[in-house]
Amino acid sequence: MKTDVAIIGGGPAGLLLSQLLMKAGISTVVLERQSRDYVLSRIRAGVLESGTVQLLQEAGVGARMQAEGIPHHGCLLSSDDQIIRIDFVESCGKQVMVYGQTEVTRDLYTAQDALGARILHGVADVVLHDVQSDAPFVSFTHEGQHQRLECQFIAGCDGFHGVSRPSIPAEVRREFEKVYPFGWLGILSQTPPAHEELIYANHQRGFALASMRNRNLSRYYIQVPLTDKVEDWSDAAFWDELCARLPAEVAKTLVRGASIEKSIAPLRSFVCEPMQWGRLFLCGDAAHIVPPTGAKGLNLAASDVFYLSRALKAQLLQGDGAALAQYGAEALARVWQAMRFSWSMTTMLHQFPDQSAFDLRIQRVGLETLAASAEARKLLAESYCGLPY
Ligand code: APR
Ligand code: PHB
């Protein structure tokens, strides 16, 4: 089996990269460990930066997003009953699109099928070979058969637990990590959202987030200790705690309902440097993880894909390798900006087990500054809506 670019991972990063390269006439093969149903069953955040929206449209997968997505011109931060609105349009002239990531992935699969993409599901034993040479290849097992995929380049889009990042020698990799001392308990309910915009709530009981997928599908989160288990939380207990943390005027009209999905996710910040090694290029969660407070996970994968697809096209179509040599540095510059924003939102809005009175004061001053300063709100809006590529 041969291709121009072997893509490990059929999540948003791998599929978007394959779509953009195939549209430029570059051949790809996507190797995905899970079934398509499994990939599409993963409930993921749903806030798309304008850059991500544009890239999806360029990839030819923007139609349903434009039809069903909800443009958001602002979001709310609350502290107890004080509410601060961040007006994206007034602050930075941008907006975001609320559209479930699962739907983005579904649209990408549909578009890839239309292009006749080679996506192999259920692959196992993926090993990257000779990534430092000019003839790398990937070995794997598929439908009981041992396979060899020869390629010119390998894109590691296989997420945090994939095999691509470890294929860069440990002595070459520098990994930066911060694990947060709490998790997010999230539920999905077929109820109208508590508010027309997202609410990020700071409260002495803990952080809460009121989000949505559409006008009758709400997504809520509350910060919980890492020791909590999903079975510790009945729906009633969740709704009570959520309402205790949201502003009273929002809580009193919030519509409760049965959870159709309930799970706890840990929070971490993680970056791997470099993002490239020989002919291997990391994209998305394979290279970095952000706490969901800044809604940057998919959006960083999109900017990685923007840089890598542009560089691979220059190399493969014009023989110009300059951008490819700079991919990792270019991607990391934007990754670290988003890493800092996600860290700052997380530390400003959550309760930390070991926080001091000083820490609480700093949180309060951070929120008071946002309430008082249009410049402070502008800076937050620019990061939330996405810095330019
Ligand atoms: N071989 C093949 N496929 C693999 C392997 C492997 N060894 N390991 C992991 N995968 C697959 C996973 O099954 C998954 O479908 O790689 C894919 C990685 O997808 P994601 O984890 O979603 O990562 P990414 O595509 O970078 O998405 C970036 O979008 O999914 C959201 O918010 C999420 O931050 C994430 C962002
Ligand atoms: C979500 O809707 O799942 C969501 C939205 C915004 C975030 C995190 C998650 O910051």
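Residues numbered from 1 in each chain as written. Chains lettered and ligands numbered in written order. Predicted model: local features only at pLDDT ≥ 70, side-chain atom pairs only at ≥ 80, totals over all residues. Heavy atoms only, no water.

This part covers the sheet that holds strand 4 (residues 70–72). A sheet is described by the order of its strands in space; here three strands give the open sequence 3-7-4, paired in antiparallel fashion. Since the sheet does not close on itself, it has two edges, and those belong to strand 3 (47–48) and strand 4, each with one partner. Relative to strand 7 (residues 96–98), strand 4 runs antiparallel, the two sharing three bridges. Bridging across to strand 7, histidine 72 finds its partner in valine 96. (Pairing = 2+ DSSP bridges. Helix = DSSP H or I, 4+ residues; strand = E, 2+ residues; numbered from the N terminus.)

Across all of its chains, the model carries 17 aromatic pairs by this definition. With centroids separated by 5.4 Å and ring planes inclined at 75°, the aromatic side chains of tyrosine 220 and tryptophan 239 adopt a geometry described as edge-to-face. Of this pair, tyrosine 220 sits in strand 16 (residues 217–224) while tryptophan 239 sits in helix 7 (residues 235–245), and the two are 19 residues apart along the sequence. Its relative accessible area of 3% is what places tryptophan 239 among the buried residues. With 6.1 Å between their ring centres and 75° between their planes, phenylalanine 281 and tyrosine 327 make a pair best called edge-to-face. A residue pair is termed long-range when its members are at least 10 positions apart, and phenylalanine 281 in strand 19 (residues 280–282) and tyrosine 327 in helix 10 (residues 322–349) qualify at 46 residues. Here phenylalanine 281 and tyrosine 327 have matching classes, each one buried. Counting every residue linked through ring pairs, the aromatic cluster contains Phe88, Trp184, Tyr200, Phe207, Tyr221, Phe341 and Tyr384. The cationic tip of arginine 148 hangs over the ring face of phenylalanine 137; the distance from NZ or CZ to the ring centre is 3.6 Å. The positively charged end of lysine 296 is found above the aromatic ring belonging to tyrosine 384, 6.0 Å away from the centroid. (Phe/Tyr/Trp six-rings, centres within 6.5 Å; stacked < 30°, edge-to-face > 60°. Buried < 20%, exposed > 50% of the residue type's maximum accessible area, 1.4 Å probe, protein only. Lys NZ or Arg CZ within 6 Å of the ring centre and 35° of its normal.)

Let us now look at the domain arrangement of the chain. The domain boundaries assigned to the chain delineate domain 1 (5–72 + 98–176 + 268–345) and domain 2 (180–267 + 351–385). Centre-to-centre separation of domain 1 and domain 2, based on C-alpha positions: 29 Å. Counting residues at the interface gives 22 residues for domain 1, matched by 20 residues for domain 2. Its largest share of buried area at the contact with domain 2, domain 1 owes to Ile43, Ile70 and His72, together 28% of the area lost on that side. Summed over the shared surface of domain 1 and domain 2, the number is zero salt bridges. Linking domain 1 with domain 2 are four residue pairs in polar contact (both at pLDDT 80 or more). The leading source of residues in the side of domain 1 that touches domain 2 is helix 10, at three residues. Looking at the side of domain 1 that touches domain 2, its residues break down into 11 nonpolar, seven polar and four charged. (Domains from an automatic or database assignment. Contact = heavy atoms within 4.5 Å. Buried area = accessible area lost by both parts, 1.4 Å probe. Salt bridge = Lys/Arg side-chain N within 4 Å of Asp/Glu carboxyl O. Polar contact = N/O pair within 3.5 Å; in protein donor to acceptor, adjacent residues only side chain to side chain. Nonpolar A, V, L, I, M, F, W, Y, C, P; charged D, E, K, R; others polar.)

The subject of this paragraph is the packing of helix 11 (residues 357–372) against helix 12 (residues 374–385). One can describe the packing of helix 11 onto helix 12 by two numbers: an axis separation of 5 Å at closest approach and a directional angle of 105°. Here helix 11 is positioned roughly perpendicular relative to helix 12, judged by the angle of their axes. The segment helix 11 lies against helix 12, with Thr369, Leu370, Ala371 and Ala372 engaging Ala374, Ala376, Arg377 and Leu380. Looking at the contact of helix 11 with helix 12, its residues break down into six nonpolar, one polar and one charged. (Axes fitted to C-alpha atoms, helices over the stretch in contact; angles between N-to-C directions. Parallel < 35°, antiparallel > 145°, perpendicular 65-115°, else oblique.)

Turning our attention to the site of ligand 1. In the vicinity of ligand 1, 25 residues are found, and the nearest of them are Ala13, Glu32, Arg33, Gln101 and Asp285. The backbone of alanine 13 places a nitrogen or oxygen atom 3.0 Å from an oxygen atom of ligand 1. Interatomic distance of 3.0 Å between a side-chain N/O atom of glutamine 101 and an oxygen atom of ligand 1. When the free accessible area of ligand 1 is taken as 710 Å², the share hidden by the protein chains comes to 92%. Here the element with the most residues in the shell around ligand 1 is helix 9 (residues 297–318); it accounts for three residues. Along the lines of polarity and charge, the residues of the shell around ligand 1 split into 11 nonpolar, eight polar and six charged. (Near = heavy atom within 4 Å. Areas by Shrake-Rupley, 256 points an atom, 1.4 Å probe, with all protein chains shown as cover.)

Time to look at the pairing of strand 16. Burial within strand 16 is extensive, with eight of its eight residues counted as buried. Every second residue of strand 16 is oriented toward a common face, with Leu217, Arg219, Tyr221 and Gln223 on one face and Ser218, Tyr220, Ile222 and Val224 on the other, all of them buried. Where strand 15 (residues 208–214) meets strand 16, six bridges bridge the pair, whose relative direction is antiparallel. Note on strand 16: the bridge partner recorded for leucine 209 is tyrosine 221. Where strand 15 hands over to strand 16, the hairpin turn is made up of two residues, counted between the paired strands.

Attention now goes to unusual backbone geometry. The omega torsion across glutamate 273 and proline 274 is -5°, close enough to zero to call that bond cis. Note that proline 274 resides in the loop between strand 17 (259–273) and strand 18 (276–277). The residue aspartate 80 is not glycine, and still its phi comes out positive at about 55°. Here aspartate 80 lies in the loop between strand 5 (74–79) and strand 6 (82–87). Under the relative-accessibility criterion, aspartate 80 is labelled partly exposed at 38%.

Along helix 3 (residues 50–58), the positions that sit buried rather than exposed are Ser50, Gly51, Thr52, Val53, Leu55 and Leu56. In the segment just after helix 3, glycine 60 is the residue with positive phi, at about 85°.

Of note, methionine 275 is situated in the loop between strand 17 and strand 18. Look at methionine 275 and you get buried, because its relative accessible area is 1%. Linking methionine 275 and alanine 286, residues 11 residues apart in sequence, is a C-alpha distance of 9.0 Å.

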